[in-house]
Amino acid sequence: QVQLVESGGGTVQAGGSLTLSCAASGRTFSAYAMGWFRQAPGKERESVAAISWSGGSTYYADSVKGRFTISRDNTKDTVHLQMNSLKPEDTAVYYCAARYGSVWSEAYKYNYWGQGTQVTVSS
């Protein structure tokens, strides 16, 4: 089992920045690919970014490319999502997820999920 706890959500004005963090525990963190997903009210959960176990491969949704950066620290069992130039359409609950092995963008490939953290971007 892998336990994931997100932090760093909040309310920010459009154009602002936030950094989300996800702390993992329970298994060898460095063996897991990590992903960030989000779900806005009335919408399906969507992939935001993902990173391989080594950090050498990353994926970004087109909607966040150039604005968001995913990173990980395997010495601290954490993964981060730096979000810049935030837009009102980025408002959602953001979830951290883990899967053993290769990195994928699809949510159904991830086995472990955090409880989510709310990000609200005001216009």
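In this text the structure is predicted, and so the values were computed from the model without any measurement.

A. Looking closely at the packing of aromatic side chains. For the coordinates displayed, the defined rule picks out five aromatic pairs. Relative to tryptophan 113, the ring of phenylalanine 37 lies with its centre 4.9 Å away and its plane at 50 degrees, an arrangement referred to as tilted. Of the two residues, phenylalanine 37 is situated in strand β4 (residues 32–39) and tryptophan 113 in strand β10 (residues 112–113); the sequence distance between them amounts to 76 residues. Of the residues examined, tryptophan 113 reaches a relative accessible area of 26% and is grouped as partly exposed. Each ring, one from tyrosine 95 and one from tryptophan 113, has its centre 6.4 Å from the other, and the planes form 75 degrees; the classification is edge-to-face. Here tyrosine 95 is found in strand β9 (residues 92–100), whereas its partner tryptophan 113 is found in strand β10, with 18 residues between them in sequence. We classify tyrosine 95 as buried; its relative accessible area is 14%. The structure contains a cluster of three or more aromatic residues connected by ring pairs, namely Phe37, Tyr95, Tyr110 and Trp113. In this structure, arginine 45 packs its charged tip against the face of tyrosine 95, placed 3.9 Å from the ring centre.

B. Spotlight on unusual backbone geometry. The backbone of aspartate 77 shows a phi angle near 55 degrees, a positive value even though the residue is not glycine. With respect to the helices, strands and loops of the structure, aspartate 77 is situated in the loop between β7 (68–73) and β8 (78–83). Of note, the phi angle at serine 85 is positive, near 50 degrees, even though the residue is not glycine. Note that serine 85 resides in the loop between β8 and β9.

Cut-off values and rules
Residues numbered from 1 in each chain as written. Predicted model: local features only at pLDDT ≥ 70, side-chain atom pairs only at ≥ 80, totals over all residues. Heavy atoms only, no water. Phe/Tyr/Trp six-rings, centres within 6.5 Å; stacked < 30°, edge-to-face > 60°. Helix = DSSP H or I, 4+ residues; strand = E, 2+ residues; numbered from the N terminus. Buried < 20%, exposed > 50% of the residue type's maximum accessible area, 1.4 Å probe, protein only. Lys NZ or Arg CZ within 6 Å of the ring centre and 35° of its normal.

Any functional reading would require information beyond the geometric quantities listed.
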